[in-house]
Amino acid sequence: MKRIVINGNHPLTGEVTISGAKNSVVALIPATILADDIVTLDGVPAISDVDSLIDIMEMMGATIQREGETLIIDPRGVKNMPMPVGKINSLRASYYFYGALLGRFGQAVVGLPGGCDLGPRPIDLHLKAFEAMGAKMALDGSSMSLSTDGNPIAGATIYLDIASVGATINIMLAAAKAKGRTVIENAAREPEIIDVATLLNNMGAHIRGAGTNVIIIEGVETLKGTRHQVIPDRIEAGTYIALAAAVGHGVTIHNVLYEHLEGFIAKLEEMGVRMTVSEDSIFVEKQTDLKAVTIKTAPYPGFATDLQQPITPLLLRAHGRGTIVDTIYEKRVNHVPELARMNGNIQMSGTQVVFQGPSDLKGAEVKATDLRAGAALVIAGLMAEGRTEITNIEFILRGYSNIIDKLRKLGADISLLDN
């Protein structure tokens, strides 16, 4: 069993560079299926979700070269075939194959998505949209079949009951080569949506409005190859900023887009975190006298649900009582009992997380229950006195590129053990 072992309470200093966005690249890779020629992606993070997507694409007939952070994808050999259930079930983002395969072949058979257990995350918004675009669906055991019965998928006007990132991107993928115009109303506005739209437009798609709540896609017959730079991962950036504020003695985080983190940074400034924001980097000073705050997650550009857990250990350094409410995922509180096991004064009260600081964290054996909870435990382990052992770390490796090496370069005493 893989586990991460941390000997904590070592001050961290130096520089770290943020990798490409996980939540972009897991959609960008399936999007290349729509191209008629080679697509090159630069800035691809070294995470296990990317490894799984590469395996799936190669099983489908794509030819892929990996050169450091660059993926060279030739999708011309991709065949319309049922997706391998095992790999698909390990990924939440596997649902992007629905949109990409419908756009290219007019049909798709894909295993139901997996990923972190954060409570109900139904894909009904995706399926209703595909149905409005002319697809018929059938559930067969652990797979969903979608088909347009030999007809091109058709444009449609689609109103999303919830501003879902996944549904917004999936509809864009299906609509890029659809017959006619597709309008997405109440679309999500996250930067990753703009990133996917930029790739598709560089391939020859006609997409307007990405980043607003109305996106218009004029379908085209063909999409060409291109080269695309993945945006920086705003969640990884926020995680390292929180980590630097919690246990750093001067840390510079490079490859950061401030405008993607305004809600998060505003909350840190409310706490009293001292930092200097430059064009594409943020320097975080050694912190003193932080104060407790109340956090309520919201869709972009609000405070990101993915950063609620990574900021929690930092909150345990702050003076006073505060609360956290996650309005997006009801089960995004599984880090709370683990932090309490590390002597954190934190508990759940109804739908709220309540904490009282400051807490002197102690090393303990803890378990990562999802990706961002795992990040929270890594930060807590770096803050804690003594030895922390984190199990179930496959979640962490799904989303944080080279996390062990990056932290060691900052001075952390951290190891990845395989037994």
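First, a word on what this report is: a plain description of the structure on this page. Quantities reported herein were computed from a predicted structural model and do not represent experimental measurements.

### As for the overall build of the protein
- In terms of regular secondary structure, the protein is built from 14 helices and 23 strands.
- Across the 419 residues in the protein, those meeting the buried criterion constitute 58%.
- Counted over contacts in the protein with a minimum sequence separation of 6, partners at least 24 positions apart contribute 73%.
- Positive and negative charge centroids in the protein, built from 38 and 46 side chains respectively, lie 2 Å apart.

### What about the sheet that holds strand 5 (residues 70-74)?
- Pairing within the open sheet is mixed, and its four strands lie in the order 4-5-3-13. Strand pairing shows two members of the sheet lacking a second neighbour, strand 4 (63-67) and strand 13 (226-229), which therefore form its edges. Mean inter-strand twist for the sheet, computed between neighbouring axes without regard to direction, equals 15°.
- Across four bridges, strand 3 (residues 39-42) lies against strand 13 in parallel orientation. Bridged to Asp42 within strand 13 is Gln229.
- Set on the sheet, helix 2 (residues 48-60) makes contact with strand 4 and strand 5; between it and strand 4 the angle comes to about 150°.
- Each of strand 3 and strand 13 touches helix 7 (residues 191-202); the most contacted strand, strand 13, lies at about 160° to it.

### Remarks on the environment of Ile72
- Positionally, Ile72 belongs in strand 5.
- Remark: the alpha-carbon pair of Ile72 and Thr323, spanning 251 residues in sequence, is separated by 45 Å.
- Among residues more than four places away in sequence, those in contact with Ile72 are Ile38, Val39, Thr40, Thr63, Ile64, Gln65 and Glu67.

### Considering the packing of aromatic side chains
- Evaluated as defined, the whole model comprises two aromatic pairs.
- Ring plane angle 90° and centroid distance 4.9 Å describe the contact between Tyr95 and Tyr96, whose orientation is recorded as edge-to-face. No difference in accessibility class separates Tyr95 from Tyr96, as the two residues are buried.

### Here's the deal with the nonpolar core
- Counting 74 residues, the largest nonpolar core has Met133, Met172 and Leu200 as its most contacted members.
- Broken down by element, the residue count for this core peaks at seven residues, all from helix 6 (residues 165-175).
- Leu200 has contacts with Ala31, Leu34, Met172, Leu173, Ala205, Ile207 and Leu223, leaving out every residue within four places of it along the chain.
- One finds Ala244, Val273, Leu307 and Leu315 within the second-largest nonpolar core, a separate group that totals 71 residues.

### Structural notes on unusual backbone geometry
- In the segment running from Tyr300 into Pro301, the intervening peptide bond is cis, with an omega of 15°.
- Assignment of secondary structure puts Pro301 in the loop between strand 17 (295-296) and helix 10 (308-315).
- Put simply, Gly357 and Pro358 share a cis peptide bond, and its omega is 0°.
- In this fold, Pro358 is placed in the loop between strand 20 (352-357) and strand 21 (365-367).
- With a phi angle near 55°, Asp149 is a residue other than glycine that sits in the positive phi range.
- Structurally, Asp149 is set in the loop between strand 8 (143-147) and strand 9 (157-159).

### Quick word on the side chain of Glu192
- Here Glu192 shows up in helix 7.
- For Glu192, a relative accessible area of 3% translates into the label buried.
- With near-sequence residues (within four places) excluded, Glu192 lies in contact with Asn23, Ser24, Ile169, Ile231 and Arg234.

### Quick notes on the pattern of salt bridges
- For the structure shown, the criterion picks out 19 salt bridges.
- Close ionic contact of Arg227 with Asp42 constitutes a salt bridge, the shortest N to O distance being 2.7 Å. Placement of Arg227 in strand 13 and of Asp42 in strand 3 is noted, with a sequence separation of 185 residues between them.
- Classification of Arg227 as exposed rests on a relative accessible area of 55%.
- Between Arg274 and Glu285 there is a salt bridge whose closest N-O contact spans 2.9 Å. Residue Arg274 is found in the loop between helix 9 (262-271) and strand 15 (275-277), and its partner Glu285 is found in the loop between strand 16 (281-284) and strand 17; the two are separated by eleven residues along the sequence.
- Salt bridges sharing partners connect three or more residues here, namely Arg3, Arg387 and Glu389.

### Thoughts on the packing of helix 8 (residues 234-247) against helix 12 (residues 371-383)
- One way to put it is that helix 8 packs onto helix 12 with a least axis distance of 10 Å and a crossing angle of 20°. With respect to each other, helix 8 and helix 12 are oriented roughly parallel. Relative to helix 12, helix 8 is oriented so that their crossing is right-handed. Along its contact with helix 8, which presents Ile235, Thr239, Ala242, Leu243, Ala246 and Val247, the element helix 12 presents Arg372, Ala375, Ile379, Leu382 and Met383.
- Here the contact of helix 8 with helix 12 is built from residues that sort into nine nonpolar, one polar and one charged.

### A word on the environment of Leu160
- The residue Leu160 is located in the loop between strand 9 and helix 6 in this model.
- Residue classification places Leu160 among the buried residues on the basis of a relative accessible area of 1%.
- The spatial distance from the C-alpha of Leu160 to the C-alpha of Gly263 is 24 Å, given a sequence separation of 103 residues.
- Contact partners of Leu160, with chain neighbours within four places excluded, come to Leu125, Ala167, Thr168, Ile171, Ile184, Glu185, Asn186 and Ala187.

### Remarks on the sheet that holds strand 17
- Here four strands make up an open sheet; going across it, the order is 17-18-20-19 and the pairing mixed. Looking at the sheet topology across the chains shown, the edges are occupied by strand 17 and strand 19 (346-349).
- Bridging between strand 18 (residues 320-325) and strand 20 involves six bridges; their strand directions are antiparallel. Bridging across to strand 20, Ile324 finds its partner in Val353.
- The sheet contacts of helix 10 involve strand 17, strand 18, strand 19 and strand 20, and relative to strand 18 the element is tilted by about 175°.

Rules behind the numbers
Residues numbered from 1 in each chain as written. Predicted model: local features only at pLDDT ≥ 70, side-chain atom pairs only at ≥ 80, totals over all residues. Heavy atoms only, no water. Helix = DSSP H or I, 4+ residues; strand = E, 2+ residues; numbered from the N terminus. Buried < 20%, exposed > 50% of the residue type's maximum accessible area, 1.4 Å probe, protein only. Contact = heavy atoms within 4.5 Å. Lys, Arg positive; Asp, Glu negative; His and termini not counted. Charge placed at Lys NZ, Arg CZ, Asp CG, Glu CD. Pairing = 2+ DSSP bridges. Axes fitted to C-alpha atoms, helices over the stretch in contact; angles between N-to-C directions. Phe/Tyr/Trp six-rings, centres within 6.5 Å; stacked < 30°, edge-to-face > 60°. Core = buried A, V, L, I, M, F, W, Y, C linked by side-chain atoms within 4.5 Å. Salt bridge = Lys/Arg side-chain N within 4 Å of Asp/Glu carboxyl O. Parallel < 35°, antiparallel > 145°, perpendicular 65-115°, else oblique. Left-handed = near helix turned anticlockwise from the far one by under 90°. Nonpolar A, V, L, I, M, F, W, Y, C, P; charged D, E, K, R; others polar.

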